[in-house]
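# Examination of the molecular architecture
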Amino acid sequence: MLPDIENLLRLQDADKEIRRLQDEIAELPKRVAVIEQRLAGTKTQLEKAQTAIKADEAARRKFDTAINDLRSKISKYRDQSLDVKTNEQYKALLHEIQFAEQEIAANEDKILELMVNADSRDKEVKAAQAELKAETAEIEKEKEQARQRTAEDEKLLAEWRAKRDQMRAGIDADLLRHYERVSKFRGSGISEVRDHKCMACQVMLRPQTYNEVRSGQQTVFCDSCQRILFFNPADELVDQKPEVHRPRRHHPKIDAPQAWYYRAEYADAGEVYICLTNAQGQASRRVYEIHTGRLIGDILIREGDYRQGFPEDITGAIRLNGNWKEEELDAWGTELPMVVLDSLQSDLDAARYEMSARTSTKHDTPATVTPTEQAAS
Ligand SMILES: [Zn+2]
(Lines give C-alpha, C1' and ligand atoms only; values in the text may rest on other atoms or scores of the structure.)
Protein backbone atom coordinates (compact mmCIF):
# COMPACT_ATOMS: atom_id res chain seq x y z
CA MET A 1 0.00 0.00 0.00
CA LEU A 2 1.25 3.49 -0.82
CA PRO A 3 2.24 5.54 2.26
CA ASP A 4 -0.13 8.31 1.10
CA ILE A 5 -3.02 5.83 1.13
CA GLU A 6 -2.18 4.74 4.67
CA ASN A 7 -2.03 8.39 5.71
CA LEU A 8 -5.34 9.12 3.98
CA LEU A 9 -7.01 6.22 5.80
CA ARG A 10 -5.79 7.62 9.10
CA LEU A 11 -6.95 11.06 8.01
CA GLN A 12 -10.36 9.67 7.11
CA ASP A 13 -10.65 8.11 10.58
CA ALA A 14 -9.69 11.45 12.10
CA ASP A 15 -12.23 13.28 9.91
CA LYS A 16 -14.96 10.86 10.95
CA GLU A 17 -14.15 11.31 14.62
CA ILE A 18 -14.10 15.09 14.23
CA ARG A 19 -17.50 15.03 12.53
CA ARG A 20 -18.92 12.78 15.22
CA LEU A 21 -17.67 15.09 17.98
CA GLN A 22 -18.97 18.18 16.18
CA ASP A 23 -22.39 16.57 15.80
CA GLU A 24 -22.44 15.56 19.44
CA ILE A 25 -21.46 19.04 20.61
CA ALA A 26 -24.17 20.57 18.40
CA GLU A 27 -26.70 18.07 19.76
CA LEU A 28 -26.13 18.83 23.46
CA PRO A 29 -27.80 22.29 23.66
CA LYS A 30 -30.82 20.78 21.91
CA ARG A 31 -30.97 18.06 24.56
CA VAL A 32 -30.77 20.69 27.32
CA ALA A 33 -33.56 22.65 25.62
CA VAL A 34 -35.80 19.56 25.56
CA ILE A 35 -35.06 18.99 29.27
CA GLU A 36 -35.94 22.62 30.09
CA GLN A 37 -39.13 22.44 28.09
CA ARG A 38 -40.22 19.48 30.22
CA LEU A 39 -39.52 21.55 33.32
CA ALA A 40 -41.53 24.49 31.93
CA GLY A 41 -44.49 22.13 31.45
CA THR A 42 -44.48 21.11 35.11
CA LYS A 43 -44.12 24.76 36.19
CA THR A 44 -47.18 25.75 34.14
CA GLN A 45 -49.18 22.95 35.76
CA LEU A 46 -48.23 24.17 39.23
CA GLU A 47 -49.12 27.75 38.37
CA LYS A 48 -52.51 26.66 37.09
CA ALA A 49 -53.26 24.75 40.32
CA GLN A 50 -52.16 27.76 42.42
CA THR A 51 -54.29 30.17 40.35
CA ALA A 52 -57.31 27.88 40.83
CA ILE A 53 -56.82 27.97 44.62
CA LYS A 54 -56.66 31.78 44.56
CA ALA A 55 -59.83 31.95 42.49
CA ASP A 56 -61.59 29.65 45.00
CA GLU A 57 -60.43 31.81 47.89
CA ALA A 58 -61.76 34.93 46.17
CA ALA A 59 -65.07 33.19 45.52
CA ARG A 60 -65.29 32.14 49.15
CA ARG A 61 -64.70 35.70 50.34
CA LYS A 62 -67.48 36.84 48.00
CA PHE A 63 -69.91 34.24 49.46
CA ASP A 64 -68.90 35.16 53.05
CA THR A 65 -69.61 38.84 52.30
CA ALA A 66 -72.96 37.95 50.74
CA ILE A 67 -73.91 35.90 53.85
CA ASN A 68 -72.94 38.78 56.16
CA ASP A 69 -74.98 41.21 54.07
CA LEU A 70 -77.98 38.87 54.15
CA ARG A 71 -77.66 38.44 57.93
CA SER A 72 -77.65 42.19 58.53
CA LYS A 73 -80.67 42.47 56.23
CA ILE A 74 -82.50 39.83 58.30
CA SER A 75 -81.77 41.62 61.60
CA LYS A 76 -82.98 44.86 59.99
CA TYR A 77 -86.25 43.13 58.94
CA ARG A 78 -86.67 41.75 62.49
CA ASP A 79 -86.28 45.27 63.96
CA GLN A 80 -88.87 46.59 61.47
CA SER A 81 -91.29 43.79 62.31
CA LEU A 82 -91.61 45.17 65.85
CA ASP A 83 -93.07 48.39 64.46
CA VAL A 84 -95.51 46.97 61.83
CA LYS A 85 -99.16 47.92 62.09
CA THR A 86 -100.89 45.47 59.75
CA ASN A 87 -100.88 41.78 59.28
CA GLU A 88 -100.02 42.26 55.58
CA GLN A 89 -96.87 44.24 56.42
CA TYR A 90 -95.79 41.58 58.92
CA LYS A 91 -96.25 38.79 56.35
CA ALA A 92 -94.27 40.72 53.75
CA LEU A 93 -91.34 41.14 56.16
CA LEU A 94 -91.48 37.48 57.13
CA HIS A 95 -91.33 36.63 53.46
CA GLU A 96 -88.24 38.82 52.98
CA ILE A 97 -86.59 37.12 55.97
CA GLN A 98 -87.33 33.64 54.58
CA PHE A 99 -85.94 34.64 51.19
CA ALA A 100 -82.69 35.94 52.77
CA GLU A 101 -82.34 32.75 54.79
CA GLN A 102 -82.65 30.69 51.60
CA GLU A 103 -79.97 32.86 50.02
CA ILE A 104 -77.70 32.29 53.03
CA ALA A 105 -78.20 28.51 52.75
CA ALA A 106 -77.38 28.62 49.03
CA ASN A 107 -74.18 30.58 49.72
CA GLU A 108 -73.24 28.19 52.51
CA ASP A 109 -73.68 25.25 50.11
CA LYS A 110 -71.34 26.94 47.66
CA ILE A 111 -68.76 27.51 50.41
CA LEU A 112 -69.02 23.84 51.39
CA GLU A 113 -68.49 22.86 47.79
CA LEU A 114 -65.37 25.05 47.64
CA MET A 115 -64.07 23.50 50.85
CA VAL A 116 -64.45 19.99 49.40
CA ASN A 117 -62.74 21.15 46.20
CA ALA A 118 -59.95 22.77 48.19
CA ASP A 119 -58.77 19.36 49.39
CA SER A 120 -58.17 18.06 45.86
CA ARG A 121 -56.71 21.43 44.77
CA ASP A 122 -54.25 21.20 47.65
CA LYS A 123 -53.26 17.73 46.57
CA GLU A 124 -52.74 18.92 42.98
CA VAL A 125 -50.47 21.76 44.11
CA LYS A 126 -48.47 19.50 46.44
CA ALA A 127 -48.03 16.88 43.70
CA ALA A 128 -46.96 19.52 41.17
CA GLN A 129 -44.52 21.00 43.68
CA ALA A 130 -43.01 17.59 44.43
CA GLU A 131 -42.74 16.85 40.73
CA LEU A 132 -41.10 20.18 40.05
CA LYS A 133 -38.59 19.61 42.82
CA ALA A 134 -37.68 16.13 41.58
CA GLU A 135 -37.49 17.27 37.97
CA THR A 136 -35.40 20.28 38.82
CA ALA A 137 -32.88 18.06 40.62
CA GLU A 138 -32.81 15.58 37.77
CA ILE A 139 -32.53 18.29 35.15
CA GLU A 140 -29.70 20.01 36.96
CA LYS A 141 -27.90 16.67 36.99
CA GLU A 142 -28.54 16.13 33.28
CA LYS A 143 -27.47 19.64 32.43
CA GLU A 144 -24.29 19.18 34.41
CA GLN A 145 -23.59 15.94 32.57
CA ALA A 146 -24.23 17.66 29.25
CA ARG A 147 -21.86 20.46 30.22
CA GLN A 148 -19.16 17.96 31.21
CA ARG A 149 -19.66 15.98 28.01
CA THR A 150 -19.37 19.12 25.91
CA ALA A 151 -16.17 20.08 27.69
CA GLU A 152 -14.71 16.59 27.12
CA ASP A 153 -15.84 16.59 23.49
CA GLU A 154 -14.32 19.97 22.90
CA LYS A 155 -11.03 18.83 24.37
CA LEU A 156 -11.04 15.70 22.18
CA LEU A 157 -12.01 17.77 19.18
CA ALA A 158 -9.03 20.05 19.67
CA GLU A 159 -6.75 17.02 19.97
CA TRP A 160 -8.17 15.40 16.83
CA ARG A 161 -7.87 18.65 14.91
CA ALA A 162 -4.21 18.91 15.85
CA LYS A 163 -3.69 15.27 14.81
CA ARG A 164 -5.48 15.90 11.55
CA ASP A 165 -3.32 18.91 10.74
CA GLN A 166 -0.25 16.80 11.36
CA MET A 167 -1.56 14.02 9.11
CA ARG A 168 -2.41 16.45 6.34
CA ALA A 169 1.14 17.76 6.34
CA GLY A 170 2.42 14.27 5.42
CA ILE A 171 0.17 13.81 2.37
CA ASP A 172 0.82 14.92 -1.19
CA ALA A 173 -0.91 18.28 -1.68
CA ASP A 174 -2.76 17.41 -4.91
CA LEU A 175 -3.99 14.11 -3.52
CA LEU A 176 -5.12 15.84 -0.34
CA ARG A 177 -7.08 18.42 -2.33
CA HIS A 178 -8.78 15.64 -4.28
CA TYR A 179 -9.57 13.74 -1.09
CA GLU A 180 -11.06 16.81 0.58
CA ARG A 181 -13.12 17.81 -2.43
CA VAL A 182 -14.68 14.32 -2.72
CA SER A 183 -15.10 14.06 1.07
CA LYS A 184 -17.01 17.31 1.13
CA PHE A 185 -19.57 16.08 -1.37
CA ARG A 186 -19.69 12.38 -0.57
CA GLY A 187 -18.86 12.20 3.12
CA SER A 188 -15.73 10.11 2.47
CA GLY A 189 -12.83 10.48 0.09
CA ILE A 190 -11.24 7.06 0.05
CA SER A 191 -12.72 3.64 -0.61
CA GLU A 192 -11.60 0.04 -0.37
CA VAL A 193 -11.73 -2.20 -3.42
CA ARG A 194 -13.02 -5.71 -2.87
CA ASP A 195 -14.37 -8.29 -5.31
CA HIS A 196 -13.51 -5.89 -8.16
CA LYS A 197 -15.91 -3.33 -6.73
CA CYS A 198 -15.53 0.10 -5.19
CA MET A 199 -17.02 -0.62 -1.77
CA ALA A 200 -18.29 2.96 -1.36
CA CYS A 201 -20.35 3.23 -4.58
CA GLN A 202 -20.58 -0.52 -5.35
CA VAL A 203 -19.65 0.00 -8.99
CA MET A 204 -17.50 -2.67 -10.70
CA LEU A 205 -14.06 -1.49 -11.79
CA ARG A 206 -12.64 -1.99 -15.24
CA PRO A 207 -10.02 -4.79 -15.21
CA GLN A 208 -7.18 -2.37 -15.88
CA THR A 209 -8.26 -0.06 -13.07
CA TYR A 210 -8.60 -3.01 -10.72
CA ASN A 211 -5.12 -4.27 -11.61
CA GLU A 212 -3.68 -0.82 -11.01
CA VAL A 213 -5.29 -0.55 -7.60
CA ARG A 214 -4.19 -4.02 -6.68
CA SER A 215 -0.60 -3.44 -7.66
CA GLY A 216 -0.47 -0.61 -5.08
CA GLN A 217 2.06 1.27 -7.21
CA GLN A 218 0.05 4.35 -8.11
CA THR A 219 -2.91 6.40 -6.99
CA VAL A 220 -6.14 5.34 -8.68
CA PHE A 221 -9.55 7.04 -8.55
CA CYS A 222 -12.96 5.42 -8.87
CA ASP A 223 -14.37 6.38 -12.29
CA SER A 224 -17.83 6.45 -10.84
CA CYS A 225 -17.54 8.24 -7.47
CA GLN A 226 -14.04 9.78 -7.78
CA ARG A 227 -12.95 8.40 -4.41
CA ILE A 228 -9.31 7.39 -4.04
CA LEU A 229 -9.16 3.61 -4.25
CA PHE A 230 -7.06 1.22 -2.22
CA PHE A 231 -6.71 -2.51 -1.98
CA ASN A 232 -6.14 -4.35 1.26
CA PRO A 233 -4.38 -7.68 0.62
CA ALA A 234 -5.31 -8.83 4.14
CA ASP A 235 -9.01 -8.81 3.20
CA GLU A 236 -8.29 -10.83 0.10
CA LEU A 237 -6.35 -13.45 2.06
CA VAL A 238 -9.37 -13.97 4.27
CA ASP A 239 -11.55 -14.43 1.18
CA GLN A 240 -9.16 -16.90 -0.40
CA LYS A 241 -8.49 -19.06 2.61
CA PRO A 242 -11.00 -21.79 1.71
CA GLU A 243 -9.33 -22.10 -1.69
CA VAL A 244 -5.86 -22.34 -0.23
CA HIS A 245 -6.99 -25.24 1.94
CA ARG A 246 -8.89 -26.98 -0.83
CA PRO A 247 -8.11 -30.65 -0.14
CA ARG A 248 -7.85 -31.96 -3.69
CA ARG A 249 -7.07 -30.26 -6.94
CA HIS A 250 -9.52 -30.73 -9.75
CA HIS A 251 -7.60 -32.02 -12.77
CA PRO A 252 -8.09 -30.64 -16.28
CA LYS A 253 -9.48 -33.02 -18.90
CA ILE A 254 -6.91 -34.32 -21.36
CA ASP A 255 -9.30 -33.94 -24.34
CA ALA A 256 -10.77 -30.54 -23.42
CA PRO A 257 -11.11 -28.16 -26.42
CA GLN A 258 -9.26 -25.48 -24.46
CA ALA A 259 -6.09 -25.88 -22.43
CA TRP A 260 -4.19 -23.43 -20.25
CA TYR A 261 -0.51 -23.87 -19.54
CA TYR A 262 2.04 -22.18 -17.37
CA ARG A 263 5.58 -21.73 -18.58
CA ALA A 264 8.35 -20.37 -16.35
CA GLU A 265 10.25 -19.07 -19.41
CA TYR A 266 8.82 -17.87 -22.67
CA ALA A 267 11.11 -16.14 -25.13
CA ASP A 268 12.00 -12.81 -23.44
CA ALA A 269 8.72 -12.53 -21.58
CA GLY A 270 9.55 -14.64 -18.52
CA GLU A 271 6.60 -16.38 -16.87
CA VAL A 272 3.51 -16.75 -19.04
CA TYR A 273 0.13 -18.41 -19.31
CA ILE A 274 -0.59 -19.96 -22.67
CA CYS A 275 -4.16 -20.48 -23.76
CA LEU A 276 -4.69 -22.99 -26.57
CA THR A 277 -8.14 -23.42 -28.08
CA ASN A 278 -9.43 -25.83 -30.71
CA ALA A 279 -12.19 -24.61 -33.00
CA GLN A 280 -13.32 -25.80 -36.45
CA GLY A 281 -10.19 -27.74 -37.31
CA GLN A 282 -7.91 -24.91 -36.23
CA ALA A 283 -6.05 -24.15 -33.05
CA SER A 284 -5.47 -20.66 -31.63
CA ARG A 285 -2.79 -19.60 -29.18
CA ARG A 286 -2.81 -16.64 -26.81
CA VAL A 287 0.12 -15.89 -24.52
CA TYR A 288 -0.28 -13.71 -21.42
CA GLU A 289 2.19 -12.29 -18.95
CA ILE A 290 1.25 -13.85 -15.60
CA HIS A 291 1.45 -10.81 -13.31
CA THR A 292 -0.23 -8.14 -15.43
CA GLY A 293 -2.36 -10.47 -17.60
CA ARG A 294 -1.20 -8.56 -20.71
CA LEU A 295 -1.41 -10.33 -24.05
CA ILE A 296 2.06 -10.94 -25.52
CA GLY A 297 2.30 -10.81 -29.29
CA ASP A 298 -0.55 -11.60 -31.65
CA ILE A 299 -3.08 -14.40 -31.48
CA LEU A 300 -1.61 -17.22 -33.52
CA ILE A 301 -3.76 -19.65 -35.52
CA ARG A 302 -2.54 -22.95 -36.93
CA GLU A 303 -4.18 -25.88 -38.71
CA GLY A 304 -5.16 -29.00 -36.76
CA ASP A 305 -5.68 -29.25 -33.01
CA TYR A 306 -3.41 -27.47 -30.57
CA ARG A 307 -1.35 -30.57 -29.77
CA GLN A 308 -0.35 -30.77 -33.42
CA GLY A 309 -0.17 -27.03 -33.92
CA PHE A 310 1.81 -25.94 -30.84
CA PRO A 311 3.84 -28.88 -29.53
CA GLU A 312 6.79 -26.66 -28.56
CA ASP A 313 4.59 -24.62 -26.20
CA ILE A 314 3.16 -27.64 -24.39
CA THR A 315 6.39 -29.51 -23.78
CA GLY A 316 7.58 -29.02 -20.20
CA ALA A 317 4.66 -26.69 -19.34
CA ILE A 318 2.31 -27.07 -16.36
CA ARG A 319 -1.28 -27.77 -17.41
CA LEU A 320 -3.82 -25.64 -15.55
CA ASN A 321 -7.58 -25.58 -15.08
CA GLY A 322 -9.29 -22.94 -17.12
CA ASN A 323 -12.06 -22.79 -19.67
CA TRP A 324 -13.45 -19.61 -21.14
CA LYS A 325 -15.27 -19.09 -24.43
CA GLU A 326 -13.28 -17.53 -27.27
CA GLU A 327 -15.82 -14.67 -27.40
CA GLU A 328 -14.96 -13.95 -23.78
CA LEU A 329 -11.23 -14.04 -24.50
CA ASP A 330 -11.81 -11.65 -27.40
CA ALA A 331 -13.89 -9.36 -25.19
CA TRP A 332 -11.07 -9.12 -22.65
CA GLY A 333 -8.81 -7.90 -25.42
CA THR A 334 -5.19 -7.40 -24.48
CA GLU A 335 -5.59 -7.93 -20.76
CA LEU A 336 -6.93 -10.80 -18.65
CA PRO A 337 -9.31 -9.75 -15.88
CA MET A 338 -7.94 -10.07 -12.37
CA VAL A 339 -10.47 -12.75 -11.52
CA VAL A 340 -9.06 -14.95 -14.30
CA LEU A 341 -5.48 -14.24 -13.20
CA ASP A 342 -6.43 -15.12 -9.64
CA SER A 343 -8.06 -18.36 -10.70
CA LEU A 344 -5.02 -19.40 -12.78
CA GLN A 345 -2.62 -18.37 -10.03
CA SER A 346 -4.40 -20.38 -7.35
CA ASP A 347 -4.57 -23.42 -9.64
CA LEU A 348 -0.85 -23.01 -10.39
CA ASP A 349 -0.15 -22.91 -6.65
CA ALA A 350 -2.23 -26.04 -6.16
CA ALA A 351 -0.48 -27.82 -9.06
CA ARG A 352 2.94 -26.91 -7.65
CA TYR A 353 1.92 -28.10 -4.20
CA GLU A 354 0.66 -31.35 -5.73
CA MET A 355 3.92 -31.83 -7.60
CA SER A 356 6.05 -31.26 -4.53
CA ALA A 357 3.85 -33.60 -2.47
CA ARG A 358 4.09 -36.25 -5.16
CA THR A 359 7.90 -35.97 -5.34
CA SER A 360 8.24 -36.50 -1.62
CA THR A 361 5.98 -39.61 -1.65
CA LYS A 362 7.07 -40.97 -5.04
CA HIS A 363 7.89 -44.47 -3.81
CA ASP A 364 4.57 -45.06 -2.06
CA THR A 365 2.08 -43.68 -4.57
CA PRO A 366 2.97 -43.62 -8.22
CA ALA A 367 1.54 -40.63 -10.06
CA THR A 368 -1.55 -41.34 -12.11
CA VAL A 369 -2.05 -37.95 -13.66
CA THR A 370 0.93 -35.72 -14.08
CA PRO A 371 0.38 -32.00 -14.48
CA THR A 372 3.44 -31.78 -16.67
CA GLU A 373 2.38 -33.04 -20.02
CA GLN A 374 4.50 -34.18 -22.91
CA ALA A 375 3.48 -33.25 -26.39
CA ALA A 376 1.38 -35.85 -28.09
CA SER A 377 3.46 -37.58 -30.70
ZN1 LIG B 1 -16.70 4.41 -6.33
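Computed from a predicted model, the values in this text were never measured in an experiment. (Residues numbered from 1 in each chain as written. Predicted model: local features only at pLDDT ≥ 70, side-chain atom pairs only at ≥ 80, totals over all residues. Heavy atoms only, no water.)

## Considerations on the overall build of the chain
Just so we agree on the cut-off: A run of H or I in DSSP becomes a helix once it reaches four residues, and a run of E becomes a strand once it reaches two; helices and strands are each numbered from the N terminus. In this scheme, a residue with accessible area under 20% of its type's maximum is buried, one over 50% is exposed, and one in between is partly exposed, where area comes from a 1.4 Å probe on protein chains only. Throughout, a residue-residue contact means that at least one pair of heavy atoms, one from each residue, lies within 4.5 Å. Accessibility throughout is a Shrake-Rupley quantity obtained with a 1.4 Å probe, and a residue counts as covered only by protein chains that appear here. Note on charges: Lys and Arg go in the positive column, Asp and Glu in the negative column, and His and the chain ends are not counted at all. Charged groups are reduced to one reference atom each: NZ for lysine, CZ for arginine, CG for aspartic acid, CD for glutamic acid.
In terms of regular secondary structure, the chain is built from nine helices and nine strands. C-alpha atoms of the chain, sized along the principal axes, occupy 160 × 50 × 45 Å. Expressed as a percentage of its 377 residues, the buried residues of the chain come to 34%. Counted over contacts in the chain with a minimum sequence separation of 6, partners at least 24 positions apart contribute 64%. Total accessible area on the chain stands at roughly 23700 Å², and carbon and sulfur atoms take up 52% of it. Taking the average location of the 58 positive side-chain charges in the chain and that of its 69 negative ones, the two points are 4 Å from each other.

## So, empty space enclosed by the protein
Operational definition: Whether a set of points on the 1 Å grid over the protein atoms alone is a cavity depends on a 1.4 Å probe fitting there but being unable to get out, while an open set qualifies as a pocket with protein on both sides within 12 Å along at least five of seven lines; lining residues are those with an atom within 4 Å of a point. Grid points are joined across faces, edges and corners, and a volume is the space filled by probe spheres set on the points. Each residue is assigned to one of three groups, with Ala, Val, Leu, Ile, Met, Phe, Trp, Tyr, Cys and Pro labelled nonpolar, Asp, Glu, Lys and Arg labelled charged, and all others, Gly among them, labelled polar.
Across all of its chains, the model carries one cavity of 30 Å³ or more by this definition. Looking at the largest cavity, the residues that line it are Q12, D15, K16, R19, Y179, S183, G187, S188 and G189. Mapped by element, the contributors of at least two residues to the lining of the largest cavity are helix 1 (3-81) and helix 3 (173-186). With four residues, helix 1 is the largest single contributor of residues to the lining of the largest cavity. Looking at the lining of the largest cavity residue by residue, the classes come out as one nonpolar, five polar and three charged.

## Describing the packing of aromatic side chains
Note the threshold: To pair, rings of Phe, Tyr and Trp, with the six-membered ring standing in for Trp, must have centres within 6.5 Å; the planes then decide the type, stacked if under 30 degrees apart, edge-to-face if over 60, and tilted in the middle.
Tallied over the full model, the rule gives five aromatic pairs. Between the aromatic rings of Y210 and F231, the centroid separation amounts to 6.2 Å while the plane-to-plane angle is 85 degrees, which identifies the pairing as edge-to-face. You can see Y210 sitting in helix 4 (residues 207-215) and its partner F231 sitting in strand 4 (residues 228-231), a full 21 residues away along the chain. On the basis of relative accessible area, Y210 is assigned to the buried category, the value being 3%. Here the aromatic rings of W324 and W332 are separated by 5.9 Å at their centres, their planes lie at 70 degrees, and the arrangement is edge-to-face. Among the aromatic side chains, those forming a connected cluster through ring pairs are W260, Y288, W324 and W332.

## Considerations on the coordination of the zinc ion
Stated formally: Metal sites are built from N, O and S donor atoms within 2.8 Å, or 3.2 Å for Na, K and Ca, and they leave out water, so they may look incomplete. Key to geometry: four donors with every angle between 85 and 135 degrees are tetrahedral; four donors are square planar and six octahedral where opposite donors lie over 155 degrees apart and all remaining angles lie between 65 and 115; all other sites are irregular.
Taken together, the protein donors to the zinc ion comprise C198 (SG), C201 (SG), C222 (SG) and C225 (SG), at separations of 2.3 to 2.4 Å. Around the zinc ion sit four donor atoms; with metal-centred angles ranging over 104 to 117 degrees, the donor geometry is tetrahedral. When the donors of the zinc ion are listed by position in the chain, the intervening gaps give C-x2-C-x20-C-x2-C. Here C201 is found in the loop between strand 2 (197-198) and helix 4, whereas its partner C222 is found in the loop between strand 3 (220-221) and strand 4, with 21 residues between them in sequence. Taking relative accessible area as the criterion, C222 reaches 1% and is therefore assigned buried.

## Looking at the sheet that holds strand 3
Here is the rule we go by: Pairing between strands requires that DSSP locate at least two bridges from one strand to the other. As a rule, the C-alpha atoms of each element are fitted with a line to give its axis, helices using only the stretch in contact, and angles between N-to-C directions run from 0 to 180 degrees.
On the basis of which strands lie adjacent, the open sheet formed by four strands has the order 2-1-4-3 and mixed pairing. Only two strands of the sheet have a single partner each, and these edge strands are strand 2 and strand 3. When strand 1 (residues 190-194) meets strand 4, the two strands line up parallel, connected through four bridges. Looking at strand 4, one finds that E192 is bridged to F230. Those strands touched by helix 1 are strand 1 and strand 4, and its axis lies near 110 degrees from that of strand 4.

## Quick look at the pattern of salt bridges
Put simply, the test is: Within this document, salt bridges are pairs made up of a side-chain nitrogen of Lys or Arg and a carboxyl oxygen of Asp or Glu, the two lying within 4 Å of each other.
Tallied over the entire structure, the rule returns 26 salt bridges. The salt bridge partner of R149 is D153, with a shortest N-O separation of 3.9 Å. Of the two residues, R149 and D153 are both situated in helix 2 (residues 87-169); the distance of four residues between them amounts to about one turn of the helix. Given a relative accessible area of 39%, R149 falls into the partly exposed group.

## Regarding helix 4
Listed as buried for helix 4 are T209, Y210, N211 and V213. The first or second residue beyond helix 4 is G216, which carries a positive phi of 65 degrees.

## Some remarks on the packing of helix 1 against helix 3
We count it as follows: Crossing chirality is assigned from the near helix's rotation relative to the far helix, an anticlockwise turn below a right angle marking it left-handed and a clockwise turn marking it right-handed.
Where helix 1 meets helix 3, the axes come as close as 12 Å, and the angle between the chain directions of the two elements is 35 degrees. Both helix 1 and helix 3 take part in a crossing whose hand is right-handed. In this structure, helix 1 uses D4, L8, L11, Q12 and D15 to contact helix 3, whose residues at the interface are L175, L176 and Y179. Split by residue class, the contact of helix 1 with helix 3 holds five nonpolar, one polar and two charged.

## Observations regarding the sheet that holds strand 9 (residues 318-320)
Judged by pairing direction, the sheet is antiparallel, and its five strands sit side by side in the order 8-7-6-5-9 without closing on themselves. Among the strands making up the open sheet, the edge pair consists of strand 8 (295-303) and strand 9. Mean inter-strand twist for the sheet, computed between neighbouring axes without regard to direction, equals 25 degrees. In this structure, strand 5 (residues 258-263) lies alongside strand 6 (residues 272-279), joined through six bridges in antiparallel fashion.

## What to know about the nonpolar core
Stated precisely, the cut-off is as follows: What makes a nonpolar core is a set of buried Ala, Val, Leu, Ile, Met, Phe, Trp, Tyr and Cys residues whose side-chain atoms join them at distances within 4.5 Å.
Judged by nonpolar contacts, the single largest core of 27 residues is most densely connected at L229, W260, Y273, L320 and L344. Mapped onto this core, the elements with two or more residues apiece are helix 4, strand 4, strand 5, strand 6, strand 9 and helix 9 (338-360). No other element matches helix 9, which puts six residues into this core. Those residues in contact with L229, other than ones at most four positions away along the chain, are I5, S191, V193, C198, L205, T209, V213, V220, F221 and C222.

## Looking at the pairing of strand 6
Extensive coverage of strand 6 is indicated by the burial of six of its eight residues. Pairing between strand 6 and strand 7 (residues 282-289): eight bridges, direction antiparallel. By the bridge assignment, Y273 is partnered in strand 7 with Y288. Adjacent in sequence and paired antiparallel, strand 6 and strand 7 are bridged by two residues, among which Q280 carries a positive phi angle near 50 degrees.

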